[in-house]
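# What the coordinates show
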Amino acid sequence: MTFAEAYIQLKAYARIDGALLGLMWVLSFACFVGQFQYPLCGMMWMASLVLTPFFVAYRTGRFRNVALDGFISFRRAFAHSAWTFFYAALILALAQWAYFQYLDHGRVVDQLSLLFADKDLQQMLVSMNYPIEQINQAIDAWREMRPIDFALQTLWTNCIISLILSLPIAAIMKRKKYNLQ
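None of these values were measured; they are calculated from a predicted model.

## Focus: the packing of aromatic side chains
Here a ring pair, both rings aromatic, is described through the centre-centre distance and the interplanar angle of the planes. This model, assessed by the stated rule, comprises 15 aromatic pairs. The interplanar angle of 80° and the centroid separation of 5.5 Å between the aromatic rings of Phe-29 and Tyr-99 together place this pair among those described as edge-to-face. Separated by 70 residues along the polypeptide, Phe-29 in helix 1 (residues 3-34) and Tyr-99 in helix 3 (residues 74-104) bring together distant segments of the chain. Of the two residues, Phe-29 and Tyr-99, both sit in the buried class. Through pairs of rings, three or more aromatic residues link up here, namely Phe-29, Phe-32, Phe-36, Trp-45, Tyr-99, Phe-100 and Phe-150. Over the ring of Trp-83 we find Lys-11, and its NZ or CZ is 3.9 Å from the ring centre.

## Some details on helix 3
Compared with the 45 Å implied by 1.5 Å per residue over 31 residues, the 42 Å span of helix 3 between its first and last C-alpha is a close match. At the exit of helix 3 stands His-105, carrying a positive phi of roughly 55°.

## Brief notes about helix 4 (residues 107-116)
Side chains that are three or four residues apart share a direction in an α-helix, a result of its 3.6 residues per turn. When helix 4 is considered as a whole, its buried residues turn out to be Val-108, Val-109 and Leu-112. One face of helix 4 carries all of its buried residues, which in axial projection span an arc of 95°. Elements that come into contact with the buried residues of helix 4 comprise helix 1, helix 3 and helix 6 (132-144).

Definitions and limits used
Residues numbered from 1 in each chain as written. Predicted model: local features only at pLDDT ≥ 70, side-chain atom pairs only at ≥ 80, totals over all residues. Heavy atoms only, no water. Phe/Tyr/Trp six-rings, centres within 6.5 Å; stacked < 30°, edge-to-face > 60°. Helix = DSSP H or I, 4+ residues; strand = E, 2+ residues; numbered from the N terminus. Buried < 20%, exposed > 50% of the residue type's maximum accessible area, 1.4 Å probe, protein only. Lys NZ or Arg CZ within 6 Å of the ring centre and 35° of its normal. Expected span 1.5 Å × (residues − 1). Arc of directions from axis to C-beta. Contact = heavy atoms within 4.5 Å.

Right, here's the structure in full:
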């Protein structure tokens, strides 16, 4: 297989896996939004965050076993993981933009503001030496953000985190082919 064919194959698998991960992240974002009304959604949101690297590792292993006969280099495993995360981040950014543009109308920021206005939470944060002014500044900054700003910030953050997460995933998933002659 030539380099171009291998690259096309890698990107095709990463697009499919990224679409699956993107769907998982969109559902996770829905759970994040829903946690203000239904606390169980908050647990599901956190669980999806924890399961994300395991899902990508599973999909990279599947790519290795199905497309590459059980052998993959670190570089190819890293590329597959990184592209998978990138495609998922694009899907999530698009979904977040659409949500904040057309559906939210400041609801999430209002809910966060109410959460941090709770006196018990503020006392706990003060006891942990966390300045309340920073939280209020962050909430004010979120109020000023446009939907596209929020989506691009999330896209950028997910891309950076995905590059970091792709390193251990690739290290775990790589498998060399040994010549036993």
